[in-house]
Amino acid sequence: MKSVNVRIDKIFAPASAVTAADIDALRPEIEQANELLHSGKGKGNDFLGWVNLPSSITEAQLSEIQAAAEVLRGEADIIIAIGIGGSYLGAKAVLEALSGSFDSLTAPKKGVNPRVVFAGQNISEDYTWELMEAVKNYDIATIVISKSGTTTEPAIAFRIIRDQIEKRYGKEGAARRIVAVTDESKGALRKLADTEGYKTFVIPDNVGGRYSVLTPVGLLPLAVAGVDIRALVAGAAEMEKLTADAPFGENPAMLYAAARTALYRAGKKVEILASYEPKLQNIGEWWKQLYGESEGKEGKGIFPASVTLTADLHSMGQYIQEGERTLFETVIRIAEPAHTFKIEADKENLDGLNFLAGKHIGEVNKMAILGTMLAHVDGGVPNIAVELPKIDAHTIGALLYMFEKACGISGYALGVNPFDQPGVEAYKKNMFALLGKPGYEKEGEALRARL
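In this report, we go over the structure that sits alongside the text. Sequence order as written defines residue numbering, which begins from 1 separately in each chain. In keeping with the model being predicted, local features are shown solely for residues with a pLDDT of at least 70 and side-chain atom pairs are shown and tallied solely at 80 or more, while totals for entire chains, interfaces and linings include all residues. For side-chain calculations, the full set of non-hydrogen atoms in the structure is used, while hydrogens and water are omitted.

So, on to the packing of aromatic side chains. Pairing of aromatic side chains requires ring centres within 6.5 Å, counting the rings of Phe and Tyr and the six-membered ring of Trp. Pairs whose planes differ by under 30 degrees are stacked, by over 60 edge-to-face, and all others tilted. For the structure on display, the rule yields 12 aromatic pairs. Taking the centre distance of 6.1 Å and the plane angle of 45 degrees together, the rings of W50 and F419 count as tilted. One end of the pair, W50, is in the loop between α1 (20–39) and α2 (53–56); the other, F419, is in the loop between α14 (393–414) and α15 (425–435), and 369 residues separate them in sequence. Considered together, W50 and F419 belong to a single accessibility category, that of buried residues. Cation over ring: R177 sits above Y169, and NZ or CZ is 3.7 Å from the ring centre. Only when the NZ atom of a Lys or the CZ atom of an Arg is both within 6 Å of the ring centre and within 35 degrees of the ring normal do we say a charge sits over the ring. Above the face of the F432 ring, K437 is positioned so that its terminal group lies 4.1 Å from the ring centre. Starting at the N terminus, helices and strands are each numbered in turn, a helix being any DSSP run of H or I of at least four residues and a strand any DSSP run of E of at least two. Using a 1.4 Å probe on the protein chains alone, a residue whose accessible area is under 20% of its type maximum counts as buried, one over 50% counts as exposed, and one in between counts as partly exposed.

Moving on: the side chain of E240. Tracing the sequence through the fold places E240 in helix α9 (residues 229–245). For the buried residue E240, which engages in no salt bridge, the nearest side chain bearing the opposite charge is K405, 7.8 Å off. Pairs of residues are marked as contacts when any of their non-hydrogen atoms sit within 4.5 Å. Contact partners of E240, with chain neighbours within four places excluded, come to V51, N52, L53, P54, S55 and Y401. By the counting rule applied here, Lys and Arg register as positive and Asp and Glu as negative, while His and the ends of each chain are not counted. By definition, a salt bridge exists where a carboxyl oxygen of Asp or Glu is found within 4 Å of a side-chain nitrogen of Lys or Arg.

With that settled, consider helix α3 (residues 59–75). Here α3 contains 17 residues, and its C-alpha end-to-end distance of 24 Å stays within 8% of the 24 Å for a straight helix at 1.5 Å per residue. Three or more residues of α3 are buried, namely L62, I65, A68, A69, L72, R73 and E75. Here the buried residues of α3 occupy an arc of 165 degrees about the axis, which is enough to place them on one side. Any helix carries an expected span of 1.5 Å times its number of residues minus one. Comment: arc refers to directions from the helix axis out to C-beta atoms.

Here you go:
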């Protein structure tokens, strides 16, 4: 079994209005889109550095990241990773997928199991206060991730956390405990890092934030947390080669992109990414940004949503089964769990579950997956399966790259630039105007009059 296998046979139910012939007809278009990503002749070609990124990462680069991570691990019990959007979602998604579900119940300890937590992804006063309270009795360090250093949410968080670090450890101690991932030569954070002597890593100019998890943006926080970043990169490199060379019918990125494209053109406007493993929940959050920010423009695009099953079958299951038929489902399926847990027989059998005695919980989960898939398909919800052999660093690296490559292909098939995000600036301009930022006075007056 490949690291990632995509099956699309369950999208051909009558209610989907998509046939195998439709997919075959899309083949030239999808292959051309894939070629555009490699030739650099498509829209947004100045942001294609991610396409060959996994295979271009050198051992020297990985060793430098690992060395910086070890310094931070030796200095702090808790490392606060500061970033927003693509500057934190990838790292958080991978970290959650590869960590124990209850690791937070063990006390963090420098050099052994330092904890990576996140800040700068919101401007909640309560979140900020609670974070600073939670870390006050631990040694702390920070990784601040920002191309410019002036993005509002991470800039506020960094100002507060940097002040706390300097008060605790002084300027010299702070320089050992702060690492900046930023622009190579310009911007407020670059200037500060050079002045204060922080260790720095570069965000490549040709890699957008939502595609940056395999740059120091994602790799440094993950290395700090103890993730095997070499295995993560190796999995992505394997998928890079496969999706560049494999023919259409064996190419998971092209198959996934073709299925999404065909379903969208048949009127399916919402895609639900589902998994039956709670630790993959933030893979869904990362995926939502990747596809939503890449495709949602010019009045086009599939709306990305996510659910964690079976829990969400008790909340969203009714709508998925019988709601408006504008959606389809992509399910991440894991062949083998990392652990086993057998259900034992009970003498009284008051819960009526003795028919499960002797079975592992994973067997029950598999039957829930299959039963739900059949119910949803019968209910008019086309189903794409993304199959993984297991959850480990290599496989997750392959999965991330497959989704990235398919997103670029889908975006080109949609006719948009998958690598810009002009729409995200609107809220910032309004926020600055309402806060009275210099230069936004007139806009502020006009906006306040509308409130």
